[in-house]
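Inside the fold
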Amino acid sequence: KRVALLISGGGSNMVALADSMTGDHPARPVLVLANDPEAGGLAKAAARGIPVAVVDHRPFKGDRAAFEAELVKPILAAGADIVCLAGFMRVLTAGFVNRFAGRMLNIHPSLLPKYPGLHTHQRAIDAGDTKAGCTVHEVTPVLDDGPILGQARVPVLPGDTAEILAARVLVQEHRLYPAVLRRYAAGDRTPVFLD
Ligand code: GRF
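Procedures and definitions
Residues numbered from 1 in each chain as written. Predicted model: local features only at pLDDT ≥ 70, side-chain atom pairs only at ≥ 80, totals over all residues. Heavy atoms only, no water. Near = heavy atom within 4 Å. Polar contact = N/O pair within 3.5 Å; in protein donor to acceptor, adjacent residues only side chain to side chain. Areas by Shrake-Rupley, 256 points an atom, 1.4 Å probe, with all protein chains shown as cover. 1 Å grid on protein atoms, 1.4 Å probe; cavity = no way out; pocket = protein on both sides within 12 Å on 5 of 7 lines; lining within 4 Å. Sits in = over half its atoms within 2 Å of the grid points. Helix = DSSP H or I, 4+ residues; strand = E, 2+ residues; numbered from the N terminus. Pairing = 2+ DSSP bridges. Axes fitted to C-alpha atoms, helices over the stretch in contact; angles between N-to-C directions. Contact = heavy atoms within 4.5 Å. Parallel < 35°, antiparallel > 145°, perpendicular 65-115°, else oblique. Left-handed = near helix turned anticlockwise from the far one by under 90°. Nonpolar A, V, L, I, M, F, W, Y, C, P; charged D, E, K, R; others polar. Right-handed = clockwise from strand over helix to strand, strands pointing away. Buried < 20%, exposed > 50% of the residue type's maximum accessible area, 1.4 Å probe, protein only. Lys, Arg positive; Asp, Glu negative; His and termini not counted. Salt bridge = Lys/Arg side-chain N within 4 Å of Asp/Glu carboxyl O. pLDDT = per-residue confidence, 0-100.

1. A closer look at the site of the ligand
- The environment of the ligand is formed by G10, G11, S12, N13, A86, G87, I107, P109, L170 and E173.
- Separating an oxygen atom of the ligand from a backbone N or O atom of N13 is a distance of 2.8 Å.
- Note that an oxygen atom of the ligand is positioned 2.6 Å from one of the side-chain N or O atoms of E173.
- Isolated, the ligand exposes 370 Å² of accessible area, and the fraction of that covered by the protein chains is 77%.
- Put simply, the ligand lies in the largest pocket.
- Broken down by secondary-structure element, the contributors of at least two residues to the shell around the ligand are α1 (12-20) and α6 (162-185).

2. Some points on the sheet that holds strand β8 (residues 192-194)
- Within the open sheet, the eight strands sit side by side as β3-β2-β1-β4-β5-β6-β7-β8. Their pairing is mixed. Looking at which strands have only one partner, the edges of the open sheet turn out to be β3 (52-54) and β8. Across this sheet, the average inter-strand angle for adjacent strands is 15°, counted without regard to direction.
- As paired strands, strand β5 (residues 104-108) and strand β6 (residues 131-138) are joined by four bridges and run antiparallel to one another. Across the sheet, I107 pairs through a bridge with V136, a residue of β6.
- Contacts from α1 reach β1 (2-7), β2 (28-34), β4 (82-85) and β5 within the one sheet, and its direction differs from that of β1 by about 165°.
- Relative to β2, helix α3 (residues 64-77) is tilted by about 160°, and along the sheet it contacts β1, β2, β3 and β4.

3. Concerning the packing of α1 against α6
- The N-to-C vectors of α1 and α6 enclose an angle of 40°; their axes lie 9 Å apart at closest approach. Our classification of the angle between α1 and α6 gives oblique. At the point where α1 passes α6, the crossing takes the right-handed sense. Touching S12, N13, A16, L17 and S20 of α1 are L170, E173, H174, Y177, P178, L181 and R182, all from α6.
- Its residues assigned to classes, the contact of α1 with α6 shows six nonpolar, four polar and two charged.

4. What about the pairing of strand β7 (residues 148-155)?
- Of the strand pairs in this sheet, β6 and β7 are connected by seven bridges, and their pairing is antiparallel. Within β7, the position partnered with T135 by the bridge is Q151.
- One ladder, built from three bridges, connects β7 with β8; its direction is parallel. Among the inter-strand pairings, Q151 is bridged to a residue of β8, identified as F193.
- Handedness of the crossover joining β7 and β8 through α6: left-handed.

5. A short note on the side chain of D144
- Looking at where D144 falls in the secondary structure, it is placed in the loop between β6 and β7.
- One buried charged side chain, D144, makes no salt bridge at all; its nearest oppositely charged neighbour is R123, positioned 7.1 Å away.
- Among the polar contacts listed, one links the side chain of D144 to the backbone nitrogen of G117, at a separation of 2.8 Å.
- Residue contacts for D144: discarding those within four places in its chain leaves N106, H108, L112, P116, G117 and H137.

6. As for the confidence of the model for the protein
- Predicted confidence across the protein gives a mean pLDDT of 97, with 100% of residues reaching 70 or more.
- Interface confidence for the predicted complex, expressed as ipTM, amounts to 0.90; the pTM equals 0.96.

7. Things to note about α1
- The element α1 is extensively covered by neighbouring structure, given that seven of its nine residues are classed as buried.
- Regarding α1, the residues found buried are N13, M14, V15, A16, L17, A18 and S20.
- On its buried face, α1 sits against β1, β2, α2 (41-47), β4, β5 and α6.

Set out below in structure tokens:
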């Protein structure tokens, strides 16, 4: 399977995924695509010999369809079978998502269905939750919705700030996403639960 990885920033999830696709893994990374030319993940991808592309969203202002019409081109050119959103911070329209129905994944830093959207760690702390974590799900037109393919849980500890909790969750993201992709690329949608 040919995997396109979409990033917006440092790409630590992209690195974890790319570095997991070795040996008898049924997938290989064929593209790292960023919506920001300054995305730190681009250099990490290039250092791994993965083809990179940038489609800057800013020139398109609010015209999501025009941005996505450009964004889809390198994905199609790379012949991607699977698209992994990995710290990709742009909302995608139904038009784009539906082109990859059943073959686009995202990682979200909460235990969905709790806390879709942003500021997930602060919200968990403010709610007094004792558990937090991350979720890998299939992408559907509804933001941070879609069938759950995996979750990893961490404790919320007294004195946690959003930054401390985010760092604890990020470690688990780097375990969970590769575990889910390995199964998913083999056609197995059995959810992965890590504690
Ligand atoms: C992380 O906080 C992750 O939870 C979310 O995007 C952020 C950056 O991820 N998915 P990455 O380091 O760019 O993969």
